[in-house]
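# Commentary on secondary and tertiary structure
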Amino acid sequence: MSAPPRTAPPSADATAIRIAGVDKRFETPGREVVALKGIDLDIATGEFVCLLGPSGCGKSTLLNAIAGFSPPSAGTITVDGRPVTGPGPDRGMVFQEYALFPWMTVEANVGFGLQIKGMAKVERQARVAALLAMLGLADFADRFPKDLSGGMRQRVAIARVLAIDSPILLMDEPFGALDALTRRSLQDELVKIWAQLQKTIVFVTHSIEESIYLADRIVVMTYRPGTVKRDLRVTMPRPRDASAPAFNALKREIGELVMAEQQRHEAAERVGLTSD
């Protein structure tokens, strides 16, 4: 995987995902919860966008709406100009939980989607082998998930999504449960994959540093109801140095935005406890 990391999306004039006036409401006993309110967001083809904010800001709710798992209560989401009405092969999802089939080997897990699609065995094996090599899994093809570390399992989960070659990757805190060193290693791998395969990535994270390290754009969301508080473009060249002054200046700026929403979250919880 020798392609140098990109510093800008290759097709910034083309819109891969368009989110227009999206609300999401959930009915709970005795009340309605407004999770998202008036979300307007365009994501360009080939762009790497992080959704960032405190718990309860609707990051995963928005990602699930883009994936087609949970339709919005109002507004529209389109992918390449087509309305999202449910899950589709144009969007691959990577979860924090690895969601691997424990009875299948690494090779079988990665090739499962291709087998379902009816790809010929020889072609399927060639694609799976290439992905295992790309992600450092070639020596683990015949292992089962129980034999792998958390980082290796997440590599398998990413390889399985890449196998079906969706142009859009939706990633819901995929590295959140990993130790710091494994997390950084997989962050670097993901940037290389993005550079080489030119995917559009929407990535949910709680980590300010992770968002700056990875993204072209960071969309900071407000505490419930989730709205777009700030849409920031990250112009630092890759690979990024987390100790650089520009990195830390942006980290402080975003930290203030997120902390304000965290304080709103905590204040709302205190009011809720007082009113019970």
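Residues numbered from 1 in each chain as written. Predicted model: local features only at pLDDT ≥ 70, side-chain atom pairs only at ≥ 80, totals over all residues. Heavy atoms only, no water.

Before going further, it helps to spend a moment on the environment of Thr78. Mapped onto the fold, Thr78 is located in strand β4 (residues 74-79). Taking the C-alpha atoms as reference points, Thr78 and Arg238, 160 residues apart in sequence, are found 30 Å from one another. If near-sequence neighbours (up to four positions away) are discounted, Thr78 is found in contact with Ala16, Ile17, Arg18, Pro83 and Val84. (Helix = DSSP H or I, 4+ residues; strand = E, 2+ residues; numbered from the N terminus. Contact = heavy atoms within 4.5 Å.)

With that settled, the discussion passes to the side chain of Asp172. One can find Asp172 in strand β7 (residues 168-172). Buried within the structure, Asp172 lacks any salt-bridge partner; Lys59 is the closest side chain of opposite charge, at an N-O distance of 7.4 Å. Among the polar contacts listed, one links the side chain of Asp172 to the side chain of Ser60, at a separation of 2.8 Å. When residues no more than four places from it in sequence are discounted, the contact partners of Asp172 are Ser60, Leu63, Met93, Val94, Phe95, Gln96 and Val204. (Buried < 20%, exposed > 50% of the residue type's maximum accessible area, 1.4 Å probe, protein only. Lys, Arg positive; Asp, Glu negative; His and termini not counted. Salt bridge = Lys/Arg side-chain N within 4 Å of Asp/Glu carboxyl O. Polar contact = N/O pair within 3.5 Å; in protein donor to acceptor, adjacent residues only side chain to side chain.)

What follows deals with the layout of surface pockets. Where empty space is left can be seen by rolling a probe of water-molecule size over the atoms. Here the largest pocket defines a volume of roughly 490 Å³. Taken together, 23 residues form the lining of the largest pocket, with Gly92, Met93, Arg160, Val161 and Ile164 sitting closest to its centre. If you list the elements that add at least two residues to the lining of the largest pocket, you get β6 (91-94), α2 (106-116) and α4 (150-163). (1 Å grid on protein atoms, 1.4 Å probe; cavity = no way out; pocket = protein on both sides within 12 Å on 5 of 7 lines; lining within 4 Å. Points joined across faces, edges and corners; volume = space filled by probe spheres on them.)

As a further point, take the state of the cysteines. One pass over the full model with this rule turns up 0 disulfides. Looking at Cys50, it has no disulfide partner, and the nearest cysteine sulfur is the one in Cys57, 12 Å off. Exposure remark for Cys50: the relative accessible area of 0% places this residue in the buried category. Taking relative accessible area as the criterion, Cys57 reaches 0% and is therefore assigned buried. (Disulfide = S-S within 2.5 Å.)

Its place among the elements puts Arg153 in helix α4. What makes Arg153 partly exposed here is its relative accessible area of 26%. Sequence separation of Arg153 and Ala99 is 54 residues, and the distance between their C-alpha atoms is 9.1 Å. Ignoring any residue separated from it by four or fewer positions in sequence, one finds Arg153 in contact with Tyr98, Leu100, Pro145, Lys146 and Leu148. At 3.2 Å, the side chain of Arg153 and the backbone oxygen of Leu148 are in polar contact.

Before going further, it helps to spend a moment on the sheet that holds strand β10 (residues 228-233). Sheet architecture is open: 6 strands sit in the order β6-β7-β8-β3-β9-β10, paired in mixed fashion. The open sheet has two edge strands with one neighbour each: β6 and β10. Strand-to-strand, the axes of this sheet are offset by a mean angle of 15 degrees, without reference to chain direction. Bridge count between β7 and strand β8 (residues 200-205): 5 bridges; the pairing is parallel. Looking across to β8, one finds that Ile168 is bridged to Thr200. Sheet strands touched by helix α1 (residues 59-67): β3 (48-52), β6, β7, β8 and β9 (217-221). Its angle to β7, the strand with the most contacts, is close to 150 degrees. (Pairing = 2+ DSSP bridges. Axes fitted to C-alpha atoms, helices over the stretch in contact; angles between N-to-C directions.)

A separate point is unusual backbone geometry. Arg224 connects to Pro225 through a cis peptide bond whose omega is -5 degrees. By the element assignment, Pro225 lies in the loop between β9 and β10. Here the residue pair Arg238 and Pro239 is connected by a cis peptide bond, since its omega of -5 degrees sits within 30 degrees of zero. Among the secondary structure elements, Pro239 is positioned in the loop between β10 and α7 (245-275).

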